[in-house]
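Chains, contacts and geometry: an overview
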Amino acid sequence: MTSTPAALPYPSEIDSRPRHGPAGRPPSGERTTSSRHEEHPSFPGIEEPGVGILAGRGGISTGPADHAAPGQPGLADRTGLGEPTDADLADPVAGADHAGAAGTAGTAAAAGRLRTRPAGRAPGGPGGHRAATRGPRRRARGAASAAPAEPAAVGSAGRGHGSPRGVWRADLEASVVVFLVALPLSLGIAVASGAPVVAGIIAAVVGGIVAGALGGVPLQVSGPAAGLTAVVAEIVLTHGWRVACFVTAAAGVVQVLLGLSRVARAALAISPAVVHGMLAGIGLTIVIGQLHVVLGGTAGSSAWDNLVVLPGELASPAVPAAALLGLITIVLTVLWPRLPRPVSAVPAPLAAVSAATVVSLPFDVPRVSLPDNLLGAIALPELPTGGAWGAVVLSVLTVALVASIESLLSAVAVEAMHSGPRGDLDRELLGQGAANTLSGLLGGLPVTGVIVRSSTNVQAGARSRRSAILHGLWMAGFALLLAPVVVRIPLAVLAGLLVVIGIRLVDLAHIRAIARHGELAIYLTTVLGVVLLNLLEGVLLGIATALLLALRRTLVAPVHVHPPTTPGSPWRVVVEGALTFLSLPRLSRRLAEVPPGAPVRLDLATDYLDHGAHSMLDGWIAERHRAGAAVTVDPVGTGPLALPSGPVGPQQGGFLSSLLGVRPGGRHARAQPPRWLAPWSSWQHGQDHDRRHLLNGVDEFHHRTAPMIEPYLTELTAGQSPSTLFITCSDSRLVPNVITSSGPGDLFTVRTPGAFVPGPQTVGDSTLAAIEYAVAVLGVRTIAVCGHSGCGAVNALFDRDALGAVPGAESLRNLRAWLRHGEPAVARAERAAGGLPADADELSRISVAQQLVALRELSVVRRAEAAGRLHLVGMWFDIATARAIVLDEATDRFEVPSVSLAPALESGQRLADATGS
């Protein structure tokens, strides 16, 4: 087999090749290329030649990835690795099935995880890495969401594609359930908004049919929502109902413009604490207002007015029978879901309203009023008078903003409830805008996506948008055919239903989560603003509070002062984050806590120092130096600090960068790594290579690393139970725990020159002793052999004269004897290629594969692997590019592992389940 010089192999050579046909020829219209440079998807900005390496069990074959002699199969055919299709990239399972059909066992994982760069994106351009890794996913999602036709099944439990009859039946059943839930809610919201009752029915019909047909989230159900009750009530009270209809229609036009401008996701930038505070404020406003209706009275114009007179009405209800009916509704709505099935299968709002209405028939209480001719009651909107245009425009923007945010939040929640295709939020805004425009023109309430109806829709088994559309048709039929039933419903019953809805808008779980994240002030400010002022002003107050807290957290750095822990040790002052002029009062106050003559260690764990903070620290250090106090400055972060005694270098970046506030180093500046990842020379400036480096490193460990890993080491005091034996070279540039992202107790490490494994005939060797102990005693489940580029031991094998040129080489008897363990790798390469490889790094990769063979010659390893208790892994680390490639013995290739082994969140889990917060 002929060997061709090769560079590092990368997985992208696979997915950038054209797919070959059965005879090894490319499809029509495509051609192969002998070489190209392409950015590796996992390492942006690094170009790679299109060449590959095959590491066979009997020998290693290297050759260009695409180039093959005429009439000979290309590399893709020799390995069974073809380019994954878009379907493979979008569906890892399908990709695995496709690869398995190609006949290569190891291709399944590769086809499911490799990514291609979207067309038109330059390899080194901004966002190239993000595009390379997320492009196929976005394409797959975009194709699913933009398709006009829905899949056959989008069920809440990830059901497969069913028959058309089964899908229609599921949507029909779900639409009936949603209709039964939406009917009383639509009537109650209309009454609470001060609008005609028919306006709630119109909004429900238009929201179901128009938003259901045009929206981007198929399973979302739209209609009148409690979140806009306070806004609409104020507009109706101030401008009248027909102007309120104009506001609704105009807000719909604004939503359409927002959808066309594709800013739907930008609307989600509002703090969740503000959104939940807004909903809670609306809920409290509804409760305070509707309690008056429950007691037989009427709600006032503002929440504060209603709150002031509420105690008197509670003491003396205007209509005691109405209060009793409202109480019955509240109790039934709360307790009905707790009843046994099949009774509880009936929606609680429908059951409560129906039962309370039947009980109310003997009583004379205020009831719902409907016009005799519902179709004749539809009135066109009315333009506001000249002096009211400013307030009306503000109302339009308020309705558009609140309706959009509520719809988007509901859409995101609905997306999390099912495993079908993801929705298009911009298209959802278009659908909501169209529905609001038509609802306003027909005399209906504003429409939003409603989480109560949408969650009911998903839980009822809806498969497509037909369920929402059918629910709107049922609402229209009910209004036209069963209007006499509606006029029997007491207003107190609908008010009791709204009291429960309002209370549920104050979600205690959200309050606890917001408090854990330190945003309770944002929530409370929003709630009080909505209740005491109005919705828009309350939301603006909440947003302002959120911005101020974010600004404070970003620009006001924490400053900690730690007294000496032992006699004679210095005081420690730790400054973290961005140190700006906003932090100066706190910084000055905390620095004053340090006694005047005491030694100080100033730890600057900062990523930015502005001029004011820089000047204050310089002055403080100079003052302590003049007083004879020792000050040790440890710049842990990236922020520069010029000591008074040291020269200050010129600012880099020019006048424009300084004018615009650009930080030194620019956007492409390399971030400073943590101390435990960086070499001593990068943070121990001015030190000679002597024992001080070691002692400073130990001191740094005690200050920073030890407190973080102490809990793990405490758990390991009883003994070790590593999962992996890691055999690697003694080279100082290899740090196994960094390469493998491992910590204490993970790796049982053996380091030898060249990472060679002696043969079984060797007796008393420390490497073999460690292998036996790790496998037989510790019970490791993995053995990894890791070679690397520029290996001195492999270089000595590759160039026999190199070791002889070393001064005093004749005395290196043990080293010469150890290098004999690498001879099998040389022999393997010579058998496969008829001579030594092109370079030493290629021999080093061959050596990695050979060490796995040597490991399997050991009886303790062979028995454990045969029993399935042990797995062997070959790795090779390229020092120049900091890349680790792994030998896939099934495909005989070195690849960059790209599959995350972190457990995915399962259905119903939250971020706190993964983070432990």
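Given the structure is predicted, the values throughout are model-derived calculations rather than measurements.

Calculation notes
- Residues numbered from 1 in each chain as written.
- Predicted model: local features only at pLDDT ≥ 70, side-chain atom pairs only at ≥ 80, totals over all residues.
- Heavy atoms only, no water.
- Helix = DSSP H or I, 4+ residues; strand = E, 2+ residues; numbered from the N terminus.
- Buried < 20%, exposed > 50% of the residue type's maximum accessible area, 1.4 Å probe, protein only.
- Contact = heavy atoms within 4.5 Å.
- Areas by Shrake-Rupley, 256 points an atom, 1.4 Å probe, with all protein chains shown as cover.
- Core = buried A, V, L, I, M, F, W, Y, C linked by side-chain atoms within 4.5 Å.
- Patch = residues over 30% accessible without salt bridge, like charges linked within 9 Å, V, L, I, M, F, W, Y side chains within 5 Å.
- Salt bridge = Lys/Arg side-chain N within 4 Å of Asp/Glu carboxyl O.
- Polar contact = N/O pair within 3.5 Å; in protein donor to acceptor, adjacent residues only side chain to side chain.

1. A closer look at the overall build of the protein
A count of helices and strands for the protein gives 37 helices and 16 strands. Across the 917 residues in the protein, those meeting the buried criterion constitute 46%. At a minimum sequence separation of 6, the contacts of the protein that also span at least 24 residues come to 73%. For the protein, the computed accessible surface area is about 44,300 Å², with 61% contributed by carbon and sulfur atoms.

2. Things to note about the nonpolar core
A general feature of soluble globular proteins is that nonpolar side chains tend to end up buried together. Grouped together as the largest cluster of nonpolar side chains are 85 residues, with contacts concentrated most on Leu 187, Trp 241, Met 278, Val 368, Val 392, Leu 445 and Leu 535. Ranked by size, the runner-up nonpolar core spans 30 residues in total, among them Ile 771, Leu 858, Leu 870 and Leu 872.

3. What to know about a nonpolar patch on the surface
On the surface, Trp 304, Leu 307, Val 308, Val 309, Leu 528, Leu 532, Leu 533 and Leu 541 cluster together to form a nonpolar patch covering roughly 740 Å² of accessible area. For the nonpolar patch, the elements supplying multiple residues, two or more each, are helix H12 (303–315) and helix H22 (520–532). Here the nonpolar patch gets four residues from one element, more than from any other, and that element is H12. You can see Leu 541 is positioned in helix H23 (residues 535–555).

4. Re helix H30 (residues 766–778)
Buried within H30 we find Thr 767, Leu 768, Ala 770, Ile 771, Ala 774, Val 775 and Leu 778. The secondary structure elements touched by the buried residues of H30 are strand E11 (724–729), strand E12 (747–752), strand E13 (782–788), helix H33 (813–819), helix H35 (840–856) and helix H36 (859–866). The residue sitting at the N-terminus of H30 and contributing the capping side-chain oxygen is Asp 765; that oxygen lies 2.8 Å from the backbone nitrogen of Thr 767. Trailing H30 by a residue or two, Gly 779 shows a phi angle of about 70°, which is positive.

5. With respect to the pattern of salt bridges
With the rule as written, the count across this model stands at ten salt bridges. Between Arg 856 and Glu 889 there is a salt bridge; the shortest N-O distance is 3.1 Å. A residue pair is termed long-range when its members are at least 10 positions apart, and Arg 856 in helix H35 and Glu 889 in the loop between strand E15 (883–888) and strand E16 (893–895) qualify at 33 residues.

6. A few points about unusual backbone geometry
Most peptide bonds are trans, and most residues other than glycine sit at a negative phi. Following Arg 341, the chain continues to Pro 342 via a peptide bond in cis, the omega torsion being 10°. Relative to the elements of secondary structure, Pro 342 occurs in the loop between helix H13 (320–335) and helix H14 (348–360). Positive phi, normally seen in glycine, also occurs at Ala 882, with a value near 55°.

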